[in-house]
Number of protein chains: 2
Amino acid sequence: MSAHDDLRYRNLTALFRPCSIAIVGASDDVVRISGRPLRYLKEGGYNGTILPVNPNRETVQGLKAYPSIAALPEVPEVAILAVPAKLIPSSVRECADRGVKAVIVFSSGFAEMDAAGGEVQAQIRDIARAAGMRLLGPNCIGLFNAATGFYGTFASALDLGFPVDGGVAIASQSGAYGTHIAYLAQERGMGISYFVSTGNEADVEIGEVLLWLARDPGVRVIMAYAEGLRDTATFIEALRTAHERRVPVVMMKVGRSVRGANAVSSHTAALAGQDAVYDAVFRQYGVHRALTTDEQLDVAYACARGLYPNGRKLGIVTVSGGVGIQVCDAAERCGLDVATMPESAQEKLKALLPYAAVANPVDVTAQALVDMNVLTSALQLMLDQCDYDVLMGVFLTVPASKSFALPLRDAIAKAAAAHPGKLIVMCMVTQDKSVVRLYEAMGLLAFEDAYRAAAAIAALADLQASFERGVSRRPEVRAAVPLPQGGMSEHEAKRLLAQAGVPMLAEHLVGSSTEAVSAAESVGYPVAMKIASADIPHKTEVGGVALNLGDAASVRAAFDTLLQRAATAVPNARIDGVLVAPMAPGGVDTIVGVSRDATFGPTVMFGLGGIFVEVLKDVTFRVAPFGIEEARRMVGEIAGRAMFDGVRGAAACDVEALANVLARVSAFAAEHADDLESLDINPLRVTSRGVVALDALIVAAK
Amino acid sequence: MSAHDDLRYRNLTALFRPCSIAIVGASDDVVRISGRPLRYLKEGGYNGTILPVNPNRETVQGLKAYPSIAALPEVPEVAILAVPAKLIPSSVRECADRGVKAVIVFSSGFAEMDAAGGEVQAQIRDIARAAGMRLLGPNCIGLFNAATGFYGTFASALDLGFPVDGGVAIASQSGAYGTHIAYLAQERGMGISYFVSTGNEADVEIGEVLLWLARDPGVRVIMAYAEGLRDTATFIEALRTAHERRVPVVMMKVGRSVRGANAVSSHTAALAGQDAVYDAVFRQYGVHRALTTDEQLDVAYACARGLYPNGRKLGIVTVSGGVGIQVCDAAERCGLDVATMPESAQEKLKALLPYAAVANPVDVTAQALVDMNVLTSALQLMLDQCDYDVLMGVFLTVPASKSFALPLRDAIAKAAAAHPGKLIVMCMVTQDKSVVRLYEAMGLLAFEDAYRAAAAIAALADLQASFERGVSRRPEVRAAVPLPQGGMSEHEAKRLLAQAGVPMLAEHLVGSSTEAVSAAESVGYPVAMKIASADIPHKTEVGGVALNLGDAASVRAAFDTLLQRAATAVPNARIDGVLVAPMAPGGVDTIVGVSRDATFGPTVMFGLGGIFVEVLKDVTFRVAPFGIEEARRMVGEIAGRAMFDGVRGAAACDVEALANVLARVSAFAAEHADDLESLDINPLRVTSRGVVALDALIVAAK
């Protein structure tokens, strides 16, 4: 890290934890945007220095005010600029001159408005960057740090009460959405330690914010919202850091739909990467991508508890058989394993509760509520004698009844006492939120809807599995010999890929029918022959391929025919000759491609070939480079993966060799990040022993 | 309808709307199961006669009590039997003898417990049926009718307050789940007119309940829960009736997962039909199948408003660009059309709100909240000048602020005044439910989560489309000639299907190589030949097929070869001869099958053939018989349906001919409901003009 970068990072830390803060344009009106931050700082217990700047007043909200930034008695670490857009450039300049470490710009009217606004935004960014001063915004609602009481924001959600520091951090490009989930999280009893809205991201981007949050020891879960990214390297470093520290990132990335993506580009200056590539990145770095606000809240809420199940075995206890079936359906739909209780435990439970269904779901029936000791014993049995990773209690509206709310809680607490590390999830409905808080206080997770609970449990299990395996090691990217300029023949493409470790058939480029025959004899009959020319990329279409040639005469004839057809179809094509290769072994055809994503760079696509890719678009992506573990997961994500198991009596395919080639292609793509436009191996045939590329096309970047 | 059936139906009506009611075992303890119904009847304002029966007391809860059913001064229309299971048979007998029209049995300990309990249940059913008396339960929590104040239930949800009659009916096999959704519906401000829990269904089944509810003019939406069905004919009649009356049925059918289905069979005596067949029935009759409780509540809540959009065009207005993008994603994921505003409307909006994004989603920005008249004008523009079927306002926590809650409502009300039939959906979060009720009072739907709102809107649009097209006419089922006993050859199967209207290739059964040659000459070369034997169903596996025979010599040779191979592979096979047919035209291979579902009878499966069905299980089902409209929908449901559009330069397929054959096969299946075990047409080749069955297998029921 350069000295300047180092300064910028230290100043980012000051932005999160300032010892002193100036509010430029501070107002007495505690409802106005320019008045709220001061009120929040005072009421929220900020114990640093607060310096209002207002040339028209002696005091603001009871604090001495100063006429200008220059007039301040000390240099504030952070300045909030609550002034109109037209005053922002001069204010930023004054702060930079004074040595302020970071400024927060609320005002809108910059890049989100028009090109002129974009130019002003670039100006203030340049002023800040030259000074190493950080700039949050413009067009943002600021940030807060609940632990220090630093409320550098006008988010009205704080009117509901100040958050308790609970290890949940929120980072959002959209101020409105960030405030919205902060409100919902608070309603749900979650403690928000940090809230950051990045707005137009003239300087501070969401990736850097995520990185800073991921490094903070107090952060246990991060909720993030983004519309697009610029600095992908820092974003990925943030995801990697969070993952290594086992801090889950529960992220909403919008602009999935075509129309949504269009709205993104009209809404912010962010570049919306192809959505499937975001999916790829999130998979690679174990990010939980939330598609709905409910899901984002549910998963973050579950993560905040800090208990991650080591597996997916779920024990279910209910007071209704019918509900048990429904929850069982829901759990299986979420990929959880509603495993049968051991026989011995079932017998004991039956002795305890003769009417109960005891296999799992366990229906203790309403009888269990008559004597809570029996319920405790039943739960103990499930916790002690079954190896469930998670226990889910579905008690519907039972806790809504005053006569049951606390006794039920105590019955569960007694049973759970001996299993402090076990994740227990309650599904319950009550209008009295304080009852829910009492259940949570003993370490349970509480959900209203059993399906949402099951989905959150599955997300926890996925995150734990991802934490356990670690982020797949990215292979070393070597310096690469540049790709040849201009068009490239199949033969050349295959030679490059063979060097990169992609298996090819023994293939000979020949210039005469005599050479063709001796090549055929060296690889063994029957052979395939193809015209070799960079100017004829789609050989089949011009009749440039001959298959299953069994003897010298056929080879000789084919040589002439192929050249003739090529000359007829593409008269000016430069012909390198004819390729002679053995006939390919049988297997399953796949397709491997590389393209350049505008946001993330070279990206590898994998899918089944032929009809599968054409009709079903059954493909998956990863950003290059990646290792073989990641490649194995790609293979496992394809809907048609059963093809590899051997359909209609075919032998099972060598998916390990396939994964190996995918990783090697990803390394090749990364090595040629700058000069590779696209690459296609179609088909890459997967046989029962190994794989072989039957065709390859490489286009170099212009 | 027989006189007895007619009596039973009239007595079912008495169960829903009794003029007098006895409570056998009535208790003074208003918390006990035997005490609650009386309390609810008194407090709920029931104005019929209430007759407590209790031999040990002079009065119960202030009403004169009688020692027995026989001692009652009048015959009650309904009797609630709140006595232990062992007293139920004698009580049922007494009621039947006295001429009671219907009894409600709360007690458990019958078929759900053990075989002995099942026998007692059969006894009480028989007593009731012989008398034409209806019996609800046992093992149920009863029913209520909010309009008449008849609370024949001990559901503790009533402790929260009595429902307002709002046209929502709940019918549930599970008392616990029924109570749960009733509670949630009430919390959501929905008015429940009827609640019925059917329990073990000794007599009254859920299908009959649904039929009664569907016929009631006051019912506007039905929420249903089932684990399995017995009387499918009545169930289907109920769905058809509801559909004709445009009463949506929002149904949860549990037991989807294998384990869930197992839990069903251990939980009730119901037969769980194959889940995909339930899906088929729900599709055929326009039922909204809810997979989660949230979904069931959301859709029923939306239906209760009674406004069904005629299309899927959605206008979105927000106060945050970021949230607009997210809602746009959500809406498109739900299949809604976030159509761009007309240019002229965009210009007017831009004039009104210079900072706004105006294409759709419309981001009016926080500016619009400063002057509510501007917001009203913006909304008017969207309502007047764009042809959106639904308008969605995403206002996040704005209504949670006291200064905005009512002004925002009024601004929307003003804009909406000129569009009384337009569905307007608010997405808003506030802790104050009374604010939500105020918005609803002006006819809006209110949701917290925009995704859930979008999903509910899509459900409304689907229901409306289904109501508009009506339930697909079921073709007449003719009397059929019984299928031949024992095995059936391919030739015989094809003959039967050809009679049923399934196109076949001109195919000749020949007994000698000379006959084979003349057959080949009559259909034209090249031909295909196949061994014909009911004992060799899988001909390819024994080498019993020869293709592309181009001349008389090849046909002659093939005849001998096929017979030889058959004799070697299946020495004792009865050989009918050899089939000679023209080579099939090219096209897309599909598979059509019929099987017998234990619950719904003959069921037609359709899918793409080959890899698609084997690897992807890409198939869909319908219960036979069905018409061509339904068949068209089947074709449209297949994931690989793009195959029919013509892949890789192939011509588009004749899907109309395909749909026609599916409908014809369904009629054949229905005609042979009693003697058809299974049927397979594999492949049914779909060409650019027509379809042709290339192989067929029929197995008659034993």
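Whatever comes next refers back to the structure up there.
Sequence order as written defines the numbering, with residues in each chain counted from 1. Each chain gets a letter, beginning with A, and each ligand a number, beginning with 1, in the order they are written. Only residues with pLDDT of at least 70 get local features here, since the model is predicted, and only at 80 or more are side-chain atom pairs given and counted; chain-wide, interface and lining totals rely on the full set of residues. Hydrogen atoms and water are omitted, and side-chain values are computed over all heavy atoms in the structure.

## A word on the overall build of chain A
Then, number 1: Helix and strand definitions here come from DSSP, where helices need a minimum of 4 consecutive H or I residues and strands a minimum of 2 consecutive E residues; each element is numbered from the N-terminal end. Within chain A, the regular secondary structure consists of 23 helices and 29 strands.
Then, number 2: Looking at chain A residue by residue over its 702 residues, the buried ones come to 59%.
Then, number 3: Contacts spanning at least 24 positions in sequence make up 71% of the contacts within chain A whose residues lie at least 6 apart.
Then, number 4: In the form shown here, chain A has an accessible surface area of approximately 26,300 Å², with 52% of it arising from carbon and sulfur atoms.
Then, number 5: Positive charges are assigned to Lys and Arg, negative charges to Asp and Glu, while His and the chain termini are left out of the count. The location of each charge is read from NZ of Lys, CZ of Arg, CG of Asp or CD of Glu. Charge separation in chain A, taken as the distance between the mean sites of 63 positive and 75 negative side-chain charges, equals 3 Å. Relative accessible area decides the class of each residue, using a 1.4 Å probe on protein chains only: under 20% of the type maximum gives buried, over 50% gives exposed, and in between gives partly exposed. By definition, residues are in contact when any of their heavy atoms lie within 4.5 Å. Residue burial considers only the protein chains on display, and all accessible areas are found by Shrake-Rupley using a 1.4 Å probe.

## Considerations on the relation of the copies chain A and chain B
Then, number 1: Of the transformation superimposing chain A on chain B, the axial component is 0.1 Å and the angular component is 180°, with the fit at an RMSD of 0.1 Å. What we have between these two chains is a two-fold relation. Residue A:F612 of chain A places its C-alpha closer to the rotation axis than any other residue of that unit, at 4.5 Å.
Then, number 2: Comparing contact sets, 98% of the residues at the interface of chain A also lie at the interface in chain B, consistent with an isologous, same-surface contact. Least-squares fitting of one copy onto the other uses the C-alpha atoms of those residues that reach a pLDDT of at least 70 in both copies.

## With respect to the sheet that holds strand β16 (residues 362–363) of chain A
The strands making up a sheet associate through backbone hydrogen bonding, with each pair oriented either parallel or antiparallel.
Residue and element names in this part refer to chain A.
Then, number 1: Read across the open sheet, the five strands follow the order β16-β15-β17-β18-β19; overall the sheet is parallel. Looking at the sheet topology across the chains shown, the edges are occupied by β16 and β19 (445–447).
Then, number 2: Only the contacting stretch of a helix is used when fitting its axis, a line to C-alpha atoms as for every element, and angles between N-to-C directions run 0 to 180 degrees. Sheet contacts for helix α11 (residues 321–333): β15 (314–318), β16 and β17 (390–396); angle to β15, the most-contacted strand, approximately 155°. Between any two strands, at least two bridges found by DSSP are needed for them to pair.

## Looking at the interface of chain A and chain B
Then, number 1: Counting from both sides, the interface comprises 63 residues of chain A and, opposite them, 62 residues of chain B.
Then, number 2: Two parts lose some accessible area (1.4 Å probe) when they are put together, and adding that loss for both gives the buried area. Overall, the association of chain A and chain B removes approximately 5,100 Å² of surface from exposure, summing both partners, and the carbon and sulfur fraction of that is 61%.
Then, number 3: Here, a salt bridge means any Lys or Arg side-chain nitrogen found within 4 Å of an Asp or Glu carboxyl oxygen. Where chain A touches chain B, the interface holds two salt bridges.
Then, number 4: A:R452 is the salt-bridge partner of B:D294, the closest N and O atoms lying 3.3 Å from each other.
Then, number 5: Here a polar contact is taken to be a pair of N or O atoms separated by no more than 3.5 Å, where protein atoms must pair a possible hydrogen donor with a possible acceptor and residues adjacent in sequence count only if both atoms sit in side chains. The interface formed by chain A and chain B holds 14 residue pairs in polar contact (both at pLDDT 80 or more) in total.
Then, number 6: For the side of chain A that touches chain B, the secondary structure elements donating two or more residues are α5 (175–187), α8 (258–267), α10 (293–304), α11, α17 (450–469) and α21 (611–616) of chain A.
Then, number 7: The element best represented in the side of chain A that touches chain B is α11(A), accounting for nine residues.
Then, number 8: Of the residues that constitute the side of chain A that touches chain B, the class distribution is 32 nonpolar, 19 polar and 12 charged. Each residue is assigned to one of three groups, with Ala, Val, Leu, Ile, Met, Phe, Trp, Tyr, Cys and Pro labelled nonpolar, Asp, Glu, Lys and Arg labelled charged, and all others, Gly among them, labelled polar.

## Re the packing of aromatic side chains
Two aromatic rings are characterised by how far apart their centres lie and by the angle between their planes.
Then, number 1: Here a pair means two rings of Phe, Tyr or Trp (six-membered ring of Trp) with centres within 6.5 Å. Their orientation is stacked below 30 degrees between planes, edge-to-face above 60, and tilted elsewhere. Taken as a whole, this structure holds 28 aromatic pairs over all chains when the rule is applied.
Then, number 2: With a centroid separation of 5.5 Å and 85° between ring planes, the pair formed by B:Y194 and B:W212 is classed as edge-to-face. Of this pair, B:Y194 sits in strand β11 (residues 192–197) while B:W212 is found in helix α6 (residues 206–215), placing the two residues 18 residues apart along the sequence.
Then, number 3: Ring plane angle 50° and centroid distance 6.1 Å describe the contact between B:Y278 and B:F282, whose orientation is recorded as tilted. Residue B:Y278 and its partner B:F282 are both found in helix α9 (residues 275–284); the two are separated by four residues, about one turn of the helix. Considered together, B:Y278 and B:F282 belong to a single accessibility category, that of buried residues.
Then, number 4: Two conditions define a charge located above a ring, namely a distance within 6 Å from the ring centre to NZ of Lys or CZ of Arg, and an angle within 35 degrees of the ring normal. Here A:K253 stacks its cationic end above the ring of A:Y278, 4.5 Å away from the centre of that ring.

## What about the environment of A:A102?
Residue and element names in this part refer to chain A.
Then, number 1: Mapped onto the fold, A102 is located in strand β6 (residues 102–105).
Then, number 2: Owing to a relative accessible area of 0%, A102 belongs among the buried residues under this scheme.
Then, number 3: Put simply, A102 and Q380 are 278 residues apart on the chain and 55 Å apart in space, counted from C-alpha to C-alpha.
Then, number 4: Once residues within four sequence positions are removed from consideration, A102 is found in contact with N11, L15, E77, V78, A79, M133 and R134.

## Notes on the packing of helix α19 (residues 513–523) of chain A against helix α20 (residues 552–569) of chain A
All names here are of chain A.
Then, number 1: α20 packs onto α19 with a crossing angle of 135° between their chain directions and a minimal axis gap of 9 Å. In this view, α19 runs oblique relative to α20, as classed from their interaxial angle. Here the hand of the crossing between α19 and α20 comes out right-handed. Seen from α19, the contacting residues are S513, T514, A516, V517, A520 and E521; seen from α20, they are A552, V555, R556 and F559.
Then, number 2: A per-class count over the contact of α19 with α20 returns six nonpolar, two polar and two charged. The cut-offs work like this: below 35 degrees is roughly parallel, past 145 is roughly antiparallel, 65 to 115 is roughly perpendicular, and the gaps in between are oblique. Working rule for handedness: look at the near helix, and if it is turned counterclockwise from the far one by less than a right angle, call the crossing left-handed; if clockwise, right-handed.

## Topic: helix α17 (residues 450–469) of chain B
Residue and element names in this part refer to chain B.
Then, number 1: To estimate how far a helix should reach, multiply one less than its number of residues by 1.5 Å. A rise of 1.5 Å per residue sets the reference length of α17, with its 20 residues, at 28 Å; its end C-alpha atoms lie 29 Å apart and thus fit the reference within 8%.
Then, number 2: The buried fraction of α17 amounts to 14 of the 20 residues, a majority that puts the element mostly inside the structure.
Then, number 3: Here α17 starts with a cap whose side-chain oxygen sits 3.0 Å from the backbone nitrogen of Y451, and that cap is D449.
Then, number 4: G470 sits one or two positions beyond α17 and adopts a positive phi of about 75°.

## Re the sheet that holds strand β7 (residues 134–136) of chain A
All names here are of chain A.
Then, number 1: Reading across the sheet, the five strands line up as β2-β1-β5-β6-β7 and stay open at both edges, with parallel pairing between neighbours. The sheet terminates laterally at β2 (49–53) and β7, the two strands that pair on one side only. Shown here is a sheet whose adjacent strand axes are inclined to one another by a mean of 20°, direction ignored.
Then, number 2: Where strand β1 (residues 20–24) meets β2, five bridges bridge the pair, whose relative direction is parallel. Residue pairing in the sheet places I23 in a bridge with P52 of β2.

## So, unusual backbone geometry
Residues and elements named next belong to chain A.
Then, number 1: A cis amide bond links G137 to the next residue, P138, at an omega of -5°.
Then, number 2: Topologically, P138 is positioned in the loop between β7 and β8 (142–145).
Then, number 3: Put simply, Y525 and P526 share a cis peptide bond, and its omega is -10°.
Then, number 4: With respect to the helices and strands, the residue P526 is situated in the loop between α19 and β21 (527–532).
Then, number 5: Non-glycine residue R246 carries a positive phi angle of around 55°.
Then, number 6: Along the polypeptide, R246 turns up in the loop between α7 (232–244) and β13 (249–253).
Then, number 7: On the basis of relative accessible area, R246 is assigned to the partly exposed category, the value being 37%.
Then, number 8: The phi torsion at N360 lies on the positive side, around 115°, for a residue other than glycine.
Then, number 9: Structurally, the position occupied by N360 is in the loop between α12 (343–352) and β16.

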